[in-house]
2 protein chains.
Amino acid sequence: MTDIAQMAFRALSDPSRREMLRMLGDRDLTVAQVSDGFDMTRAAVKKHLIILEEGGLIRSRTQGRERINTLHPDGLRPVLDWLGWFDRFWDDRLSDLKATIEQKDPSDD
Amino acid sequence: MTDIAQMAFRALSDPSRREMLRMLGDRDLTVAQVSDGFDMTRAAVKKHLIILEEGGLIRSRTQGRERINTLHPDGLRPVLDWLGWFDRFWDDRLSDLKATIEQKDPSDD
DNA sequence: TCAATATAAAACCAAAAGGTATCACAATTG
DNA sequence: CAATTGTGATACCTTTTGGTTTTATATTGA
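Here's the deal with the packing of aromatic side chains
- Scanning all chains against the criterion turns up 10 aromatic pairs over all chains.
- Centre to centre, the rings of A:W82 and A:F86 are 4.9 Å apart; their planes meet at 50°, and the pair counts as tilted. Like A:W82, the residue A:F86 is buried in the burial classification.
- Taking the centre distance of 6.0 Å and the plane angle of 50° together, the rings of A:W85 and A:F89 count as tilted.
- Put simply, the rings of A:F9, A:W82, A:W85, A:F86 and A:F89 pair up and form one aromatic cluster.
- A cation over a ring is seen here: B:R88 above B:W85, with NZ or CZ 4.9 Å from the ring centre.

This is the structure:
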């Protein structure tokens, strides 16, 4: 199935993969560097990264013998688009929620 | 695992379940009524509804011999909270994106 | 009452998911 | 060059997922 949104939702459904996205939000990382943050083999991490890339959430480029993984935030758009449909059910909509979120973690840098 | 956000993400990872949420966005539905919209048995639909309820995305109440399923939009908040972390990576943030979404489907009612 | 209907619950099954171990190979480094 | 390191690719294993079928039970309606 090549449904873009589906591949993104699928990629987000695993907690390890979501954590990887956050790690990559701080800086680009090689497969080995990502693996350092998890209690699983590199092979397993590699598979997760493939799924994240298939979901459009990261990009990767090979540099020498290493593969550099980069967060691709735009890949979250299909997810936000889908969630946007439910906007009409909130009094404080996505726009206000954004402010709420930013308030919640004022120094989360 | 009782992680709220995880259960919500999990519930959203299946396209049939996402479609069910949209159906329930229009009106409350019994299990049988939801089943009418899908090419699968009631038992299968029922399981999906259980997962949606575990994810906090719907509520259900029994009325006579029927079970009425209701959308519970607040259940999406943990998901939006998580996504909010990535807000800093967009120039047009969630707030602007919301406008974009509303533009895209002006008569999607 | 009796038949039909809606849900519930359990057993079962194939495929997908998440993980491991292993081997191969290219790129680096001493 | 030789040893090490990082990745890639398989094969394999176990658990979860998404589905079916079957059986049971509670409501409803004629």
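Notes on the side chain of B:S60
Residue and element names in this part refer to chain B.
- Along the chain, S60 falls in strand 2 (residues 58-63).
- A polar side-chain atom of S60 sits 3.0 Å from a polar atom in the side chain of E53.
- At a separation of 2.8 Å, a polar atom in the side chain of S60 contacts the side chain of R67.

Topic: the protein's contact with DNA strand C
- Around DNA strand C, the surrounding shell holds 19 residues, and the nearest of these are A:T41, A:K47, A:H48, B:K46 and B:R67.
- Those atoms of DNA strand C that come within 4 Å of the protein belong to sugar or phosphate at a rate of 77%.
- Between DNA strand C and the protein, one listed contact pairs a phosphate oxygen with a side-chain N or O atom of B:K46 at 2.9 Å.
- Of all the secondary structure elements, the ones that give two or more residues to the surface near DNA strand C are helix 4 (42-54) of chain A together with helix 3 (31-36), helix 4 (42-54) and strand 3 (66-71) of chain B.
- Here the surface near DNA strand C takes 4 residues from helix 4 of chain A, the largest share from any one element.
- Partitioning the surface near DNA strand C into residue classes produces 5 nonpolar, 4 polar and 10 charged.

How each quantity is defined
- Residues numbered from 1 in each chain as written.
- Chains lettered and ligands numbered in written order.
- Predicted model: local features only at pLDDT ≥ 70, side-chain atom pairs only at ≥ 80, totals over all residues.
- Heavy atoms only, no water.
- Phe/Tyr/Trp six-rings, centres within 6.5 Å; stacked < 30°, edge-to-face > 60°.
- Buried < 20%, exposed > 50% of the residue type's maximum accessible area, 1.4 Å probe, protein only.
- Lys NZ or Arg CZ within 6 Å of the ring centre and 35° of its normal.
- Helix = DSSP H or I, 4+ residues; strand = E, 2+ residues; numbered from the N terminus.
- Polar contact = N/O pair within 3.5 Å; in protein donor to acceptor, adjacent residues only side chain to side chain.
- Near = heavy atom within 4 Å.
- Nonpolar A, V, L, I, M, F, W, Y, C, P; charged D, E, K, R; others polar.

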